[in-house]
Amino acid sequence: MRTSVIIGWVFALLTVASLHAQEVPAEVTAAFKKGDASGLAPFLGDKVDLIIQNRSTRHNRQTGEKALATFFSEHKVTGYALNHQGKRDESSFVIGTLTTTRGNFRVTCFFKRVENSFLIHQIRIDTSNE
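Thresholds applied
- Here the residue numbers are simple positions, counted from 1 along each chain's written sequence.
- The predicted nature of this model means local features are confined to residues of pLDDT at least 70 and side-chain atom pairs, given and counted, to a pLDDT of 80 or more, with totals for whole chains, interfaces and linings taken over all residues.
- Calculation of side-chain values draws on the structure's entire complement of heavy atoms; hydrogens and water are dropped beforehand.
- Strands are runs of DSSP state E lasting at least two residues, helices are runs of H or I lasting at least four, and both sets are numbered from the N terminus onward.
- Note on contacts: a residue pair qualifies if any of its non-hydrogen atoms lie within 4.5 Å across the two residues.
- Lining residues are defined by having an atom within 4 Å of a point belonging to a cavity or pocket. Those points lie on a 1 Å grid over the protein atoms alone, cavities being sets where a 1.4 Å probe fits but cannot get out and pockets being open sets with protein on both sides within 12 Å along at least five of seven lines.
- Grid points are joined across faces, edges and corners, and a volume is the space filled by probe spheres set on the points.
- Ten residue types, Ala, Val, Leu, Ile, Met, Phe, Trp, Tyr, Cys and Pro, are classed as nonpolar, four, Asp, Glu, Lys and Arg, as charged, and the remainder, Gly among them, as polar.
- Here the rule is simple: two strands pair whenever DSSP picks up at least two bridges between them.
- For every element, the axis is a line fit to its C-alpha atoms; helices are fit only across the contacting stretch, and the angle between N-to-C directions ranges from 0 to 180 degrees.
- Here, a salt bridge means any side-chain nitrogen of Lys or Arg that lies within 4 Å of a carboxyl oxygen of Asp or Glu.
- Relative accessibility under 20% of the residue-type maximum defines a buried residue, over 50% an exposed one, and the middle range a partly exposed one, all with a 1.4 Å probe and only protein chains included.

As for its placement among the helices and strands, H75 is situated in the loop between α4 (61-74) and β3 (77-88). Apart from residues no more than four positions distant in its own chain, H75 is found in contact with T100, T101, R102 and F105.

Of the volumes computed, that of the largest pocket is approximately 230 Å³. Taken together, L50, I52, Q53, R55, T57, H59, A67, T70, F71, E74 and H75 make up the full set of residues lining the largest pocket. Listing elements by their share of the lining of the largest pocket, those giving two or more residues are β1 (44-52), β2 (55-60) and α4. The leading source of residues in the lining of the largest pocket is α4, at four residues. Its residues placed into classes, the lining of the largest pocket shows four nonpolar, five polar and two charged.

Okay, the sheet that holds β1 next. Ordered by their spatial adjacency, six strands build an open sheet running β2-β1-β6-β5-β4-β3, and the pairing between neighbours is mixed. Two strands lie at the open edges of the sheet, namely β2 and β3, each paired on one side alone. Adjacent strand axes in the sheet meet at a mean angle of 15° when their direction is disregarded. Note that strand β5 (residues 103-114) and strand β6 (residues 117-127) share ten bridges and pair antiparallel. Pairing of V114 across the sheet is with S117, part of β6. The sheet contacts of helix α2 (residues 26-34) involve β3, β4 (91-100), β5 and β6, and relative to β3 the element is tilted by about 150°.

So, about the pattern of salt bridges. Any two side chains of opposite charge can pair if their charged atoms end up close together. Scanning all chains against the criterion turns up four salt bridges. Two residues, R113 and E90, come together in a salt bridge whose shortest N-O distance is 3.3 Å. On the criterion of sequence distance, the pair formed by R113 in strand β5 and E90 in the loop between β3 and β4 is long-range, its members being 23 residues apart. What makes R113 partly exposed here is its relative accessible area of 28%. Between R124 and D126 there is a salt bridge, with its nearest N and O atoms 2.8 Å apart.

Listed below in C-alpha cells is the structure:
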C-alpha cells in the first residue's frame with residue numbers, strides 16, 4: 001500500500017513538471033519546420049520585435065507575419081531543429097537551427113506570458129556557422 005502511494009505521488013509530480021516544461025506550443029516548432037508565417041501568427045504578441053540578420057524592426061502582429069512570410073519566401077525552409085528551450089517566471093525562450101536553401105540560421109524566440117499562454121515578443125534570426 002505504502003509503495004503504491006509513493007509511486008502515485010512520484011507520477012503526479014512528474015506529470016505536473018512535464019506540463020509546466022511544455023509552455024512553448026508545439027505548433028511554433030511545426031510552423032518553423034514548414035516556414036509557415038501564418039502558423040506563427042497566432043503566437044505573436046500584439047507587438048513583436050524582429051531582428052533578422054542584424055536588422056531590427058518592431059511590428060504589430062499582422063505586419064510581423066508579413067515580414068516573416070517575406071523571409072520564408074526568400075529562404076525556402078528545408079528543416080528546423082529545436083536545440084534548447086527554457087522558462088523562467090513569466091517568460092520562456094526557444095533556440096533552434098533553421099535549415100534553408102540559402103544556408104542555416106540560428107532562430108531565437110522569446111515569449112512572455114499573457115494571461116494563460118505564452119506569446120512571442122521577439123524573434124531573432126541570425127546566420128549560423130553550423
